[in-house]
Amino acid sequence: MSAYAETVRVEVDIEDCGSVALMDGDGDDVGDVEQSVALVTVNKGMAELSTIYQHGDGVPFTVTIADHDPGADLDGYEEIVEIDFMSSTGEVLLIGWRLDWDDAAVRRLPPLPAGPGVHRLRYHVWSTLMERPDFDGNHHYLQIWPAQPSPPVVVKQGEWIAHSNDAVT
């Protein structure tokens, strides 16, 4: 049996707050915060991914959905974190933070090959503290695969996470 992995590139529109939501199913069953790690907060049914853009149309996101750990891209990104995400449906979507829900802004992702259950999210971010980031390049990369529950972890800390940690202490 060969390993499955599908990579898609989508563009999301962010109206404010510099975040993108990974939502389970149709996004109707979002609950309280379950866990967080730098750059990602996981609620029941949703993971909020911080972006380097406060707002913008067509912000590129690359997403790999796999049936195995696809491996971190340690050389291509400055910040990398991992956290668990529970999918009750096996279907996920991305949408930029918006003032009002807009079905046209939803980016449906390929189905999770393992279906419902615990999945690991590995979120990569590049060019985190640039003064004027552009939309060219691959600044945000999300990997999703089935996994056993594990604690959140910072895989690679760059300036953004270090700056956030300094602000907290």
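You'll find the structure just up there.
Residues numbered from 1 in each chain as written. Predicted model: local features only at pLDDT ≥ 70, side-chain atom pairs only at ≥ 80, totals over all residues. Heavy atoms only, no water.

Asks: Tell me what's going on with the pairing of strand β4 (residues 40-43), and back it up with residues and numbers.
Replies: The sheet contact formed by β4 and strand β5 (residues 46-50) spans 4 bridges and is antiparallel. Opposite Thr-41, over in β5, you have Glu-48 as the bridge partner. Connecting β4 to the antiparallel partner β5 that follows it, the hairpin turn spans 2 residues, and Gly-45 within it adopts a positive phi of roughly 85°. (Pairing = 2+ DSSP bridges. Helix = DSSP H or I, 4+ residues; strand = E, 2+ residues; numbered from the N terminus.)

Asks: I'd like to hear about unusual backbone geometry, residue by residue, with values.
Replies: With a phi close to 80°, Leu-39 is a non-glycine residue in the positive phi region. Inspection of the secondary structure assignment puts Leu-39 in the loop between β3 (33-37) and β4.

Asks: Please set out a nonpolar patch on the surface residue by residue, giving values where relevant.
Replies: Together, Leu-74, Val-153 and Val-155 make up an exposed nonpolar region whose accessible area comes to about 210 Å². Checked against the element boundaries, Val-155 lands in strand β12 (residues 153-156). (Patch = residues over 30% accessible without salt bridge, like charges linked within 9 Å, V, L, I, M, F, W, Y side chains within 5 Å. Areas by Shrake-Rupley, 256 points an atom, 1.4 Å probe, with all protein chains shown as cover. Salt bridge = Lys/Arg side-chain N within 4 Å of Asp/Glu carboxyl O.)

Asks: Can you lay out the pattern of salt bridges for me, pointing to particular residues and giving the numbers?
Replies: All told, the structure shown has 4 salt bridges when counted by the stated rule. A salt bridge links Arg-120 to Glu-82, with the nearest nitrogen and oxygen atoms 3.2 Å apart. Of this pair, Arg-120 sits in strand β10 (residues 117-125) while Glu-82 sits in strand β7 (residues 79-87), and the two are 38 residues apart along the sequence. Taking relative accessible area as the criterion, Arg-120 reaches 4% and is therefore assigned buried. By relative accessible area, Glu-82 is classed as buried at 13%. (Buried < 20%, exposed > 50% of the residue type's maximum accessible area, 1.4 Å probe, protein only.)

Asks: Pulling in residues and values, what's your account of the packing of aromatic side chains?
Replies: Per the counting criterion, the structure on display carries 2 aromatic pairs. Ring centres of Phe-61 and Tyr-123 lie 6.2 Å apart, and the angle between their planes is 10°; this geometry places the pair in the stacked category. Remark: Tyr-123 occurs in strand β10 and Phe-61 occurs in strand β6 (residues 56-66); sequence separation between them is 62 residues. Of the two residues, Phe-61 and Tyr-123, both sit in the buried class. (Phe/Tyr/Trp six-rings, centres within 6.5 Å; stacked < 30°, edge-to-face > 60°.)

Asks: Summarise the nonpolar core; cite the residues concerned and give the values.
Replies: Counting residues in each nonpolar core, the largest one holds 32 residues, and the members touching the most others are Leu-22, Val-40, Leu-94, Leu-109 and Tyr-123. The contacts of Leu-22, once residues within four sequence positions are left out, are Gly-45, Met-46, Ala-47, Phe-85, Val-92, Leu-93, Leu-94, Leu-109, Leu-121, Leu-142 and Ile-144. Judged by nonpolar contacts, the second largest core, of 7 residues, contains Met-46, Leu-93, Ala-105 and Val-106. (Core = buried A, V, L, I, M, F, W, Y, C linked by side-chain atoms within 4.5 Å. Contact = heavy atoms within 4.5 Å.)

Asks: Which residues make up the sheet that holds β7, and what values go with them?
Replies: Spatial strand order, β1-β6-β11-β10-β7-β12: 6 strands in an open sheet with mixed pairing. Either end of the sheet is taken by a strand with one partner, and the two such strands are β1 (5-14) and β12. The sheet shows a mean angle of 25° between the axes of neighbouring strands, direction not considered. (Axes fitted to C-alpha atoms, helices over the stretch in contact; angles between N-to-C directions.)

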